[in-house]
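Working through the structure, step by step
For reference, the chains in residue letters:
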Amino acid sequence: MRHFKTIAEYCHAISIPQPKYDHFDIRRFEENMPTVVHVMEPFRHEFYAIAIQAAGEGAAYSGHHREFPAGSTIFFNSPFQVLSWDIVPNWQGYYIMFTQDFITQSPYFGSLLDDFPFLRIDKAIPFEVNPSDLSAISTLFGKIYEEYYSEHDDKFQLIESYVLLGLNYIRRYFNAEVHPDVAARELRNADLKLLSRFQSLIETTFQPDLIPPEEAGLHTVGYYAQQLSVHPNHLNAVVKSVSGQTALQLIHHHLMQQAKALLAQTQMSVQEIAETLHFDSPNYFSRFFKKNSGVAPLTYRKSA
């Protein structure tokens, strides 16, 4: 499956002009239609996208959603979500794309995924909007478009404000069009499934007979996020929301449980345990163990 790390890579792959900036882009579907690839096989990208489809035929698939509403639609693409389409080149509307860098450098989006959960639903729900709502949000996206192509030095300050306003509008429409109980239940179910998959992956990763082919990064959230096809920030937000602990804390907890069991129940040396748990060195393992337990590995073995 093709995977696009940047907005520029994505634009090249679908045969539309390169973005003006690396971290943010806005397009009118009408501008894309003359050159865009009409049929895209499943792929992933590493940025967020929000689209307003005012008109257009064909099918776009986002996550598991293969049946988009018949009317004007708002839909979302989250990092690492599987996407594909088979469209007729008559789409109208706007869409924006923004990266984690855009989020990080803005004062408005520190809690983006908590404030706007439709961006982090693993299986985001496209929904239909009525004409009056469509007009309001399209006008706002038009303002973003104008600023984007202006020469004002402070244009991204306004763009960030407009994006924040747009997200608040979309949240209102989302809650109105998708029954809040349904949205909350789907979000909760998706979160529970992701947490379960994450915990299972941690457990199988450190089983001796199931050593993964890539040992680099086995102690990092990024490794598991990649295996689960989600963004690390999304994985951490979900794990924190459901379990009260960060994703890294769960990884460390599992490592400590394994280390304590090996120290208490076997005669394996510290070096052998470090190798079994994929630490770079015995010293690194010893520092990790003491930091998380308060005692050195061999001291723990004696007490156990």
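Structure: above.
In what follows, the accompanying structure is described. (Residues numbered from 1 in each chain as written. Predicted model: local features only at pLDDT ≥ 70, side-chain atom pairs only at ≥ 80, totals over all residues. Heavy atoms only, no water.)

Focus on the environment of Ala304
Our working definition: The way it works is that DSSP assigns letters per residue, a run of H or I at least four long becomes a helix, a run of E at least two long becomes a strand, and they are numbered from the N terminus.
Among the structural elements, Ala304 can be located in the segment after helix H13 (297-303). As for Ala304 and Lys260, which are separated by 44 residues in sequence, their C-alpha atoms are 8.7 Å apart.

Regarding the packing of aromatic side chains
Within a pair of aromatic rings, the relevant descriptors are the distance that separates the centres and the angle that separates the planes. Keep this limit in mind: Stacked, edge-to-face and tilted labels apply to pairs of Phe, Tyr and Trp rings (six-membered ring for Trp) whose centres lie within 6.5 Å, assigned for plane angles under 30 degrees, over 60, and everything in between, in that order. Summary of the burial criterion: residues with accessible area below 20% of their type's maximum are buried, those above 50% are exposed, and those between are partly exposed, where the area comes from a 1.4 Å probe applied to protein chains only.
Counted by the stated rule, this structure contains 30 aromatic pairs. With a centroid separation of 5.7 Å and 90 degrees between ring planes, the pair formed by Phe43 and Trp85 is classed as edge-to-face. With a gap of 42 residues between them, Phe43 in strand S3 (residues 39-45) and Trp85 in strand S7 (residues 83-87) connect regions that are remote in the sequence. Classification of Phe43 as buried rests on a relative accessible area of 1%. The class for Trp85 is buried, based on a relative accessible area of 14%.

Notes on the packing of helix H9 (residues 232-243) against helix H10 (residues 247-265)
Basically, it comes down to this: Note on definitions: angles span 0 to 180 degrees between N-to-C directions of axes, and those axes are lines fitted to C-alpha atoms, for helices only across the stretch in contact. Our angle categories are set so that under 35 degrees counts as roughly parallel, over 145 as roughly antiparallel, 65 to 115 as roughly perpendicular, and the remainder as oblique. Contact between two residues is taken to exist if any of their heavy atoms lie within 4.5 Å; hydrogens are not considered. Put simply, Ala, Val, Leu, Ile, Met, Phe, Trp, Tyr, Cys and Pro go in the nonpolar bin, Asp, Glu, Lys and Arg in the charged bin, and everything else, Gly too, in the polar bin.
Contact geometry of H9 with H10 gives a least axis separation of 8 Å together with a crossing angle of 75 degrees. As judged from the angle between their axes, H9 and H10 are roughly perpendicular. Taken together, the residues of H10 that come into contact with H9 (itself represented by Leu235, Asn236, Val239 and Ser243) are Ala247, Leu248 and Leu250. In terms of residue class, the contact of H9 with H10 is made up of 5 nonpolar, 2 polar and no charged.

Remarks on the sheet that holds strand S6 (residues 73-77)
How we decide: In this scheme, strands are said to pair when DSSP sees at least two bridges between them.
In spatial order, the strands read S2-S8-S4-S6-S9; together these 5 strands make up an open sheet with antiparallel pairing. For this open sheet the edge positions go to strand S2 (24-28) and strand S9 (127-128), each flanked by a neighbour on one side alone. The sheet contact formed by strand S4 (residues 48-55) and strand S8 (residues 92-98) spans 7 bridges and is antiparallel. Bridging from a neighbouring strand, Ile50 pairs with Ile96 of S8. Sitting on the sheet, helix H5 (residues 131-148) touches S2, S4 and S8, and the angle it makes with S2 is about 120 degrees.

Digging into the sheet that holds S3
One open sheet accounts for 4 strands, arranged S1-S3-S7-S5; its pairing is mixed. The sheet is open, and its two borders are formed by strand S1 (2-4) and strand S5 (58-62), each paired with just one other strand. Here the average twist between neighbouring strands, direction ignored, is 25 degrees. In this sheet, S3 lies alongside S1 in parallel orientation, the contact comprising 3 bridges. Note that in S3 the partner of His3 across the bridge is Arg44.

Focus: H9
Inclusion rule: Multiplying one less than the number of residues by 1.5 Å gives the expected span of a helix.
Its 12 residues give H9 an end-to-end C-alpha distance of 16 Å, which sits within 8% of 16 Å, the value for a rise of 1.5 Å per residue. Along H9, the positions that sit buried rather than exposed are His234, Leu235, Ala237, Val238, Val239 and Val242. Among the residues trailing H9, Gly244 stands out with phi positive, at a value near 85 degrees.

Here's the deal with the side chain of Glu160
Just so we agree on the cut-off: Charge counting follows a simple rule: Lys and Arg are positive, Asp and Glu are negative, and His as well as the terminal groups are ignored. We define a salt bridge as a contact between a side-chain nitrogen of Lys or Arg and a carboxyl oxygen of Asp or Glu at a distance within 4 Å. Whenever two N or O atoms come within 3.5 Å, that pair is a polar contact, provided that in protein one can donate a hydrogen and the other can accept it, and provided that, for residues adjacent in sequence, both atoms are side-chain atoms.
Residue placement: Glu160 occurs in helix H6 (residues 155-177). Summary of buried charges: Glu160 has no salt-bridge partner, and the nearest side chain of opposite charge, Lys155, is 12 Å away. Polar side-chain contacts of Glu160 include one of 3.3 Å to the side chain of Ser106. In this structure, Glu160 is in contact with Phe102, Gln105, Ser106, Pro107, Tyr108 and Phe109, ignoring residues within four places of it in sequence.

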